[in-house]
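Structural description and commentary
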Amino acid sequence: GAPTGGYARAMACVETTILDSDAHVIDALKKQLLLTASPAQLQVCDSADGRPDLHEREFTAAVLDPPWYNAWTRRFLEISLPLLSRDGHLFLSFLPQLMRDTAEVDRQQIVRALVDAGCDIVAVDRARLRYVVPRFEEAAYEKLPGFDGLKWRSGDLVEARRSRIDCNAASPLASAL
């Protein structure tokens, strides 16, 4: 997300737009980036509030880390796909296959929605992403003998390429989920 991947790109002075729903994250990143020549643009954006005002820009890549529920994933895609240029790449964190009993169906629906919205699936990398276990969970698990909660948090990564822009990206997403 924004505090890690977006920040690393911004610090490398790569043109980057960072959106996050947490104003504290954006403020902290702005303070750090003031000391650099980074061309990064930072904006508070909550997916529940609609598409961010990005002045009709097109992006060559988008990195999305939505909560792993199809309604949220769909919302993130509805916002980001129209901003992605033709041949632009989308990197999406994806719930693991055994996360819950509906995981396989959920995954199939998201992949189908991406294809219907004009994307080619380039890769699905299992357990590619590692997540920091929240401190409250770490505290709850530390009393369980033999349980190391720091290693089990992982997600899959989907890479998709937008191959068609002749369709309304939001329409197939809304009907597919």
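If you're wondering where the values come from, they're calculated on a predicted model, not measured in any experiment.

Points about the pairing of strand 6 (residues 154-162)
When you tally the buried positions in strand 6, you get eight out of nine residues, the bulk of the element. Two strands pair when backbone bridges link them, and strand 4 (residues 84-94) and strand 6 are joined in this way by six bridges, in the antiparallel orientation. Within the sheet, the bridge partner assigned to Ser 93 lies in strand 6 and is Leu 157.

Quick look at the pattern of salt bridges
By the definition in use, this model includes nine salt bridges. Measuring nitrogen to oxygen at the nearest pair gives 3.5 Å for the salt bridge that ties Glu 78 to Arg 74. Taken as a pair, Glu 78 and Arg 74 lie in helix 3 (residues 70-80) at a separation of four residues, close to a single helical turn. Assessed through its relative accessible area of 23%, Arg 74 is described here as partly exposed. A salt bridge links Asp 106 to Arg 100; the shortest N-O distance between them is 3.3 Å. Three or more residues joined by partner-sharing salt bridges are found here, namely Arg 86, Asp 87, Asp 120 and Arg 161.

Describing the nonpolar core
Membership of the largest hydrophobic core comes to 14 residues, with the highest contact counts inside it found for Leu 77, Leu 81, Leu 90, Leu 92, Ile 110 and Leu 114. Where this core is concerned, the elements lending two or more residues are strand 3 (59-64), strand 4, helix 4 (103-116) and strand 6. Here this core takes four residues from strand 4, the largest share from any one element. Among the nonpolar cores identified, the runner-up in size contains eight residues, and Ile 18, Val 25, Ile 26 and Leu 42 belong to it.

Structural notes on helix 4
Since the α-helix advances by 3.6 residues per turn, residues separated by three or four positions end up pointing in the same direction. Taking 1.5 Å of rise per residue, 14 residues should cover 20 Å, and helix 4 covers 20 Å from first to last C-alpha, within 8% of that figure. Where helix 4 is concerned, the buried positions are Ala 103, Asp 106, Arg 107, Ile 110, Ala 113 and Leu 114. The arc that holds the buried residues of helix 4, viewed along the axis, is 125 degrees, so those residues lie on one side. In the stretch just after helix 4, Gly 118 is the one whose phi turns positive, near 95 degrees.

Quick look at the packing of helix 3 against helix 4
Two numbers describe a pair of packed helices, the interaxial angle and the distance between the axes. As a packed pair, helix 3 and helix 4 sit with axes 11 Å apart at the nearest point and diverge in direction by 15 degrees. One finds that helix 3 runs roughly parallel with respect to helix 4. With respect to the hand of their crossing, helix 3 and helix 4 are arranged in right-handed fashion. Here Asn 70, Thr 73 and Leu 77 of helix 3 come into contact with helix 4, specifically with Asp 106, Gln 109, Ile 110 and Leu 114. Taken together, the residues of the contact of helix 3 with helix 4 break down into three nonpolar, three polar and one charged.

Things to note about the environment of Asp 116
Of note, Asp 116 is situated in helix 4. Between the C-alpha atom of Asp 116 and that of Arg 164, which follows or precedes it by 48 residues, the distance is 9.8 Å.

Observations concerning the sheet that holds strand 3
Ordered by their spatial adjacency, four strands build an open sheet running 3-4-6-5, and the pairing between neighbours is mixed. The sheet is open, and its two edges are formed by strand 3 and strand 5 (119-130), each paired on a single side. Direction aside, neighbouring strands of the sheet carry axes that sit 15 degrees apart on average. The sheet contacts of helix 3 involve strand 3 and strand 4, and relative to strand 4 the element is tilted by about 160 degrees.

Reading the values: rules and limits
- Residues numbered from 1 in each chain as written.
- Predicted model: local features only at pLDDT ≥ 70, side-chain atom pairs only at ≥ 80, totals over all residues.
- Heavy atoms only, no water.
- Buried < 20%, exposed > 50% of the residue type's maximum accessible area, 1.4 Å probe, protein only.
- Helix = DSSP H or I, 4+ residues; strand = E, 2+ residues; numbered from the N terminus.
- Pairing = 2+ DSSP bridges.
- Salt bridge = Lys/Arg side-chain N within 4 Å of Asp/Glu carboxyl O.
- Core = buried A, V, L, I, M, F, W, Y, C linked by side-chain atoms within 4.5 Å.
- Expected span 1.5 Å × (residues − 1).
- Arc of directions from axis to C-beta.
- Axes fitted to C-alpha atoms, helices over the stretch in contact; angles between N-to-C directions.
- Parallel < 35°, antiparallel > 145°, perpendicular 65-115°, else oblique.
- Left-handed = near helix turned anticlockwise from the far one by under 90°.
- Contact = heavy atoms within 4.5 Å.
- Nonpolar A, V, L, I, M, F, W, Y, C, P; charged D, E, K, R; others polar.

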